[in-house]
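Descriptive analysis of the structure
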Amino acid sequence: MKNLWTRRDVARMLGIAAVPTLLPAVSFAAQADSRGEDGFPANFLWGSATASYQVEGAVHEGGRGPSIWDTFSHTPGKTANGDTGDVADDFFHHYRDDVQLMKTLGLQAFRFSVAWPRVFPTGSGEPLAHGLDFYKRLVAELHANHIEPFCTLYHWDLPQALQDKGGWENPDTAHRLAEYEGYVAGELSRLGVRYFFTINEMRTFVELGYGNGTHAPGLKLQRKGLAQVRHNVLLAHGLSVQAIRAKSSPGVQVGLCENPTVPVPVTLRAEDIHAAAIALREENAGYLTAIFEGRYTERYLRELGDDAPRFTSEEMRTIASPIDAVGLNIYTPTYVRSTPDGYRALPMPDNFPHMASDWLKVGPECMYWGPKLIQEAWKPRAMYITENGCSAADRMTEQGEVLDTDRIMYLRNCLGQMLKAVKEGADVKGYFVWSLLDNYEWADGYGKRFGVVYVDYKTQKRTPKLSAQFYSSVIASRGAGL
Ligand code: PNW
């Protein structure tokens, strides 16, 4: 690391005559030099992410139809405290102020999602004439403030009318998604939106929504039905990539956001690192592996046996339609070690440290191994960390501050590990903190706060937390000194 400040600079900052001679061993590298040697490259993009149902509110405005999350959250017993997204952060009406907040923090990009039922209230047919107005205003506001819009087209709010016809169990839903995505990408790309993601976290909404029933639509399918849902969703992604390319202006970048299982080798021995590489492909066989390789792994099909999905080779080619970027939502690691038949994913000890959400185990090394292993396995054209962040039990002090040093600890360590991966050549081009604002954390309701900005849900007042200052300082220094 380069020593960027002279001892005289340091003395001036500390308000002392001279730096004692004990200090020179310390390197004060808190500013990136012009070549970016100590931090991220100068063109690295810094942003924040949100999703429609988690922040917008205004569920009855503009002719929006109901989604499966309206139904699910209004069903007694399904969400913590019976919380719903009816109002959430009322981002639908506060977006101008929130864009100003992003600007103040120095953010350069914003990932948001479009609510399908605002555009097609029943999922298909003719789009509402004014269905995209809100998003058009949002995009204009972002552009006016030099913030790059990154648009997710499906972040889980399936129109209820399509669920009534079988939802993701019905292969027809894949075609409806592609029509909707082609239409929206066509409209928004003409306004200058350049980045589109087809689907957010297939794994989460499939496994939780159709597998264990804790997310909308709350189904608990058997293994066979679940494997077919996974396949239908993969196909929906592939068809959507093609529809977006067909309908949008030249030059748009198309990809998806996924939360792969990120294997972390338990030791640094070559065999455990090799085991992590095998685990990456096998643990994600129903998702990213199929998309990047255009086939299911032998092991995946063998383990499913008679429950394996029905598919054609043409469908597999569609699923593997080339993408320009992969968005990685990375929160937590899975430790693996080498075994004679490849690898074993280790169970998490009961007392493994976690953030406010039980599932969010603290293992920042996932931010190193994720990009490294994915780059090596699939050589994506570009990677973005489209989500990373944590829940914390934030409290406001009497002075009106939120001193979330736990979130700062989490972010500092994750960013440091990501920097290490980038320095070693992983092609990560940007980072989006989850989330800008505290918001509706699905079945956990409003009890779990993920924002770097605190939201008082009674008044909709926004208060940047200490972590917002931290993140802002990282952006300003391009991560030098992390
Ligand atoms: C992601 N899990 O969801 C989503 O993309 C966001 O909408 C969400 O708010 C964020 O991460 C934080 O949770 C997940 O149980 C939800 O492992 C649950 C899990 C993982 C991701």
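Refer to the preceding data block for the structure.
Residues numbered from 1 in each chain as written. Predicted model: local features only at pLDDT ≥ 70, side-chain atom pairs only at ≥ 80, totals over all residues. Heavy atoms only, no water.

To continue, consider the overall build of the chain. If you tally the helices and strands in the chain, you get 17 helices and 13 strands. Whereas a compact globule of 482 residues would reach a radius of gyration of roughly 23 Å, the chain reaches 23 Å, a difference of no more than 12%. Its C-alpha atoms give the chain principal-axis dimensions of roughly 75 × 60 × 45 Å. Buried positions account for 57% of the 482 residues belonging to the chain. For the chain, contacts bridging at least 24 residues in sequence account for 77% of all contacts bridging at least 6. When the accessible surface of the chain is totalled, it reaches about 19900 Å², and 52% of it is carbon and sulfur. (Helix = DSSP H or I, 4+ residues; strand = E, 2+ residues; numbered from the N terminus. Rg over C-alpha atoms; globule rule 2.2 N^0.38 Å. Buried < 20%, exposed > 50% of the residue type's maximum accessible area, 1.4 Å probe, protein only. Contact = heavy atoms within 4.5 Å. Areas by Shrake-Rupley, 256 points an atom, 1.4 Å probe, with all protein chains shown as cover.)

Okay, the environment of R395 next. Note that R395 resides in the loop between β10 (383-387) and α16 (405-423). With relative accessibility at 64%, the residue R395 sits in the exposed group. Each C-alpha atom, one on R395 and one on K465, is 9.9 Å from the other, the two residues being 70 residues apart in sequence. If near-sequence neighbours (up to four positions away) are discounted, R395 is found in contact with E401 and V402.

With that out of the way, let us pick up the sheet that holds strand β4 (residues 195-200). Reading around the circumference, β1-β2-β3-β4-β5-β7-β10-β11 is the order of the eight strands in this closed barrel, with parallel pairing throughout. When strand polarity is set aside, the average angle formed by the axes of neighbouring strands in this sheet is 25 degrees. Note that strand β2 (residues 109-113) and strand β3 (residues 148-152) share five bridges and pair parallel. Looking at the pairing, F112 lines up with C151 of β3. In the packing of α16 onto the sheet, contacts are made with β1 (45-49), β10 and β11 (428-434), and the angle to β11 comes to roughly 170 degrees. (Pairing = 2+ DSSP bridges. Axes fitted to C-alpha atoms, helices over the stretch in contact; angles between N-to-C directions.)

Time to look at the packing of helix α11 (residues 270-283) against helix α15 (residues 366-378). Two elements in contact, α11 and α15, have axes whose closest approach is 10 Å; the angle formed by their N-to-C orientations is 75 degrees. It follows from the interaxial angle that α11 and α15 lie roughly perpendicular. In contact with I273, A276, A277, L280 and R281 of α11, α15 contributes W369, L373, I374, A377 and W378. Of the residues that constitute the contact of α11 with α15, the class distribution is nine nonpolar, no polar and one charged. (Parallel < 35°, antiparallel > 145°, perpendicular 65-115°, else oblique. Nonpolar A, V, L, I, M, F, W, Y, C, P; charged D, E, K, R; others polar.)

Cis rather than trans, the peptide bond between A216 and P217 has omega equal to 5 degrees. When you line up the elements, P217 lands in the loop between α9 (202-211) and α10 (223-247). The phi dihedral of N81 is positive, around 65 degrees, even though this residue is not glycine. Here N81 lies in the loop between α3 (68-73) and α4 (91-105).

What follows deals with the packing of aromatic side chains. Summed over all chains, the structure comprises 42 aromatic pairs. On the numbers, 5.2 Å between centres and 75 degrees between planes, the contact of Y296 with F311 is edge-to-face. Pair noted here: Y296 is in the loop between α12 (288-293) and α13 (298-304) and F311 is in the loop between α13 and α14 (313-319), with a separation of 15 residues, a long-range link. For Y296, a relative accessible area of 5% gives the class buried. Note on F311: relative accessible area 34%, which makes it partly exposed. By the ring-pair criterion, three or more aromatic residues cluster together here, those being Y53, W69, F72, W156, Y440, W442, Y446 and Y457. Sitting over the ring of Y368, K420 keeps its end group 4.1 Å from the ring centre. (Phe/Tyr/Trp six-rings, centres within 6.5 Å; stacked < 30°, edge-to-face > 60°. Lys NZ or Arg CZ within 6 Å of the ring centre and 35° of its normal.)

What follows concerns the side chain of R230. Its place among the elements puts R230 in helix α10. In this structure the side chain of R230 is engaged in a polar contact, spanning 2.9 Å, whose partner is the side chain of Y300. In contact with R230, not counting residues within four places along its chain, are V206, E207, G286, Y287 and Y300. (Polar contact = N/O pair within 3.5 Å; in protein donor to acceptor, adjacent residues only side chain to side chain.)

Counting 147 residues, the largest nonpolar core has W46, V114, W168, M418 and Y431 as the members making the most contacts within it. A total of eleven residues in this core trace back to one element, the largest contributor, which is α10. Other than its neighbours up to four places away in sequence, Y431 contacts F44, L45, W46, G47, M367, I385, N388, L411, L415, M418 and Y471. (Core = buried A, V, L, I, M, F, W, Y, C linked by side-chain atoms within 4.5 Å.)

The next thing to look at is the layout of surface pockets. Counted as a void, the largest pocket has a volume near 780 Å³. The wall of the largest pocket is formed by 30 residues, among which E201, T204, L208, N259 and W359 lie closest to the centre. It is α9 that provides the largest number of residues to the lining of the largest pocket, a total of four residues. Its residues assigned to classes, the lining of the largest pocket comprises twelve nonpolar, twelve polar and six charged. As a volume, the second largest pocket reaches approximately 260 Å³. Taken together, 15 residues line the second largest pocket, and the ones lying closest to its centre are E282, E283, A285, Y300 and E303. Sorting the residues of the lining of the second largest pocket by element identifies α9, α10, α11 and α13 as the ones contributing at least two each. (1 Å grid on protein atoms, 1.4 Å probe; cavity = no way out; pocket = protein on both sides within 12 Å on 5 of 7 lines; lining within 4 Å. Points joined across faces, edges and corners; volume = space filled by probe spheres on them.)

A few words on the site of the ligand. Within the structure, the ligand sits among 14 residues, and Q54, H155, E387, E441 and W442 are positioned closest to it. Take E201: an N or O atom from its side chain is 3.2 Å from an oxygen atom of the ligand. A distance of 2.8 Å separates an oxygen atom of the ligand from a polar side-chain atom of W442. Summarising the interface, the protein chains cover 87% of the accessible area of the ligand, which totals 450 Å² for the free molecule. According to the grid-proximity analysis, the pocket containing the ligand is the largest pocket. Within the shell around the ligand, the residues separate by chemical class into six nonpolar, five polar and three charged. (Near = heavy atom within 4 Å. Sits in = over half its atoms within 2 Å of the grid points.)

Everything listed here is a matter of geometry and, on its own, says nothing about what the molecule does.
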